[in-house]
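Descriptive analysis of the structure
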Amino acid sequence: QKEVEQDPGPLSVPEGAIVSLNCTYSNSAFQYFMWYRQYSRKGPELLMYTYSSGNKEDGRFTAQVDKSSKYISLFIRDSQPSDSATYLCAMTSGGSYIPTFGRGTSLIVHP
Amino acid sequence: EAQVTQNPRYLITVTGKKLTVTCSQNMNHEYMSWYRQDPGLGLRQIYYSMNVEVTDKGDVPEGYKVSRKEKRNFPLILESPSPNQTSLYFCASSRPGQQETQYFGPGTRLLVL
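Residues numbered from 1 in each chain as written. Chains lettered and ligands numbered in written order. Predicted model: local features only at pLDDT ≥ 70, side-chain atom pairs only at ≥ 80, totals over all residues. Heavy atoms only, no water.

A separate point is the interface of chain B and chain A. Counting from both sides, the interface comprises 24 residues of chain B and, opposite them, 19 residues of chain A. Taking both sides of the interface into account, the surface hidden between chain B and chain A amounts to around 1700 Å²; carbon and sulfur atoms contribute 58%. At the junction of chain B with chain A, the criterion picks out zero salt bridges. Only strand 4 (31-38) and strand 5 (42-51) of chain B provide two or more residues apiece to the side of chain B that touches chain A. Here the side of chain B that touches chain A takes five residues from strand 5 of chain B, the largest share from any one element. Partitioning the side of chain B that touches chain A into residue classes produces ten nonpolar, nine polar and five charged. (Contact = heavy atoms within 4.5 Å. Buried area = accessible area lost by both parts, 1.4 Å probe. Salt bridge = Lys/Arg side-chain N within 4 Å of Asp/Glu carboxyl O. Helix = DSSP H or I, 4+ residues; strand = E, 2+ residues; numbered from the N terminus. Nonpolar A, V, L, I, M, F, W, Y, C, P; charged D, E, K, R; others polar.)

Okay, here's the thing in structure tokens:
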């Protein structure tokens, strides 16, 4: 079993939908949780990161961490075609310099 | 503009021919790292560097070398490339203690024949 599991998709939704992207993990030492967006033929760019459990909101994006369930989510409200990309979750424990990435979920938002 | 640059962006080579992929950042970041991205496997860290002359192995270091002689540069060296090193490579940088907020380069697509 991989340390971080992420459904590769693709996930196809209509414009304006609420999107839910998820990752599960097995290492209870993880404390920092990140979401990256990667457009085709580009490098990943950091969207959001959270420390420990809880929610964090930034515009249309909300990141949730449930450490008790070892489950993290990224919600995208009012999705746009420009949100079409691969979304990578990543996590690391305090003091570790080696983050563990999920495989990424491909999201397609069609007009 | 704050950025991480990589060169070359695309490279086709043959087995055993030494190559270097350069990485440079203009943000004065101490921490730099190299990843490879493969279908179905996601991003995996090859090597990282905490500062000049300080490097350490990531998850998949076999077949790779790195050096950090200057703060802004972190080249990746494949001394004897093999076909299983065909991949998409990314360099990243961040401030120390902020590895959760890494800035990635645009990627280098390598094909080893």
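From this point, things continue past the structure.
With that settled, consider the packing of aromatic side chains. Pairs of aromatic rings are described using the distance from one ring centre to the other and the angle between the two planes. Counted according to the given criterion, the structure contains eleven aromatic pairs over all chains. Their ring planes at 45° and their centres at 5.3 Å tell us that Y25 of chain A and F33 of chain A sit as a pair that is tilted. Of the residues examined, F33 of chain A reaches a relative accessible area of 1% and is grouped as buried. Consider the rings of Y32 of chain A and Y51 of chain A, whose centres lie 4.9 Å apart with planes at 45°: the pair is tilted. In this pair, Y32 of chain A is assigned in strand 4 (residues 30-38) and Y51 of chain A in strand 5 (residues 45-51), connecting sequence segments 19 residues apart. A network of ring pairs unites the aromatic residues Y36 and F101 of chain A together with Y35, F90 and F104 of chain B as a single cluster. Between the NZ or CZ atom of K56 of chain A and the centre of the ring of Y49 of chain A, over which it lies, the distance is 4.4 Å. (Phe/Tyr/Trp six-rings, centres within 6.5 Å; stacked < 30°, edge-to-face > 60°. Buried < 20%, exposed > 50% of the residue type's maximum accessible area, 1.4 Å probe, protein only. Lys NZ or Arg CZ within 6 Å of the ring centre and 35° of its normal.)

Attention now goes to unusual backbone geometry. Where the residue is not glycine, phi is negative for most of them; where a peptide bond is considered, it is trans in most cases. All names here are of chain A. With an omega of 10°, the peptide bond between G9 and P10 qualifies as cis. With respect to the element layout, P10 can be found in the loop between strand 1 (4-5) and strand 2 (11-14). A positive phi angle, near 65°, is found at R41, a position not held by glycine. With respect to the helices and strands, the residue R41 is situated in the loop between strand 4 and strand 5. Notably, K70 is not glycine yet its phi reads approximately 55°, a positive angle. When you line up the elements, K70 lands in the loop between strand 7 (61-66) and strand 8 (71-76). Accessibility expressed as a relative area gives 26% for K70, which makes it partly exposed.

Residue and element names in this part refer to chain B. With antiparallel pairing, four strands are arranged side by side in an open sheet as 1-3-8-7. What marks the edges here is a single partner per strand, and that holds for strand 1 (4-7) and strand 7 (65-66). With three bridges joining them, strand 3 (residues 19-25) and strand 8 (residues 76-78) adopt antiparallel strand pairing. Paired with L19 across the two strands is L78, which belongs to strand 8. (Pairing = 2+ DSSP bridges.)

This part is about a nonpolar patch on the surface. On the surface, I12, V14, L111 and L113 of chain B cluster together into a nonpolar patch covering about 380 Å² of accessible area. Locating L113 of chain B in the fold gives a position in the segment after strand 11 (108-112). (Patch = residues over 30% accessible without salt bridge, like charges linked within 9 Å, V, L, I, M, F, W, Y side chains within 5 Å. Areas by Shrake-Rupley, 256 points an atom, 1.4 Å probe, with all protein chains shown as cover.)

We now examine the pairing of strand 6 (residues 54-57) of chain B. All names here are of chain B. Across four bridges, strand 5 lies against strand 6 in antiparallel orientation. Within strand 6, the residue paired with Y48 across the bridge is D56. In sequence, strand 5 turns back onto strand 6 through a hairpin of two residues, with E53 there showing a positive phi of about 65°.

With that out of the way, let us pick up the pattern of salt bridges. Scanning all chains against the criterion turns up eight salt bridges over all chains. A salt bridge links E57 of chain A to R77 of chain A; the shortest N-O distance between them is 3.4 Å. With a gap of 20 residues between them, E57 of chain A in strand 6 (residues 54-58) and R77 of chain A in the loop between strand 8 and strand 9 (85-93) connect regions that are remote in the sequence. Here R77 of chain A falls in the partly exposed class, since its relative accessible area comes to 29%. The salt bridge partner of R60 of chain A is D83 of chain A, with a shortest N-O separation of 2.9 Å. Of this pair, R60 of chain A sits in the loop between strand 6 and strand 7 while D83 of chain A sits in the loop between strand 8 and strand 9, placing them 23 residues apart in sequence. Judged by its relative accessible area of 27%, R60 of chain A falls in the partly exposed class. Looking at D83 of chain A, the relative accessible area reads 1%, which means it is buried. Several salt bridges converge on common partners, so that one network encompasses K18, K65 and E79 of chain B.

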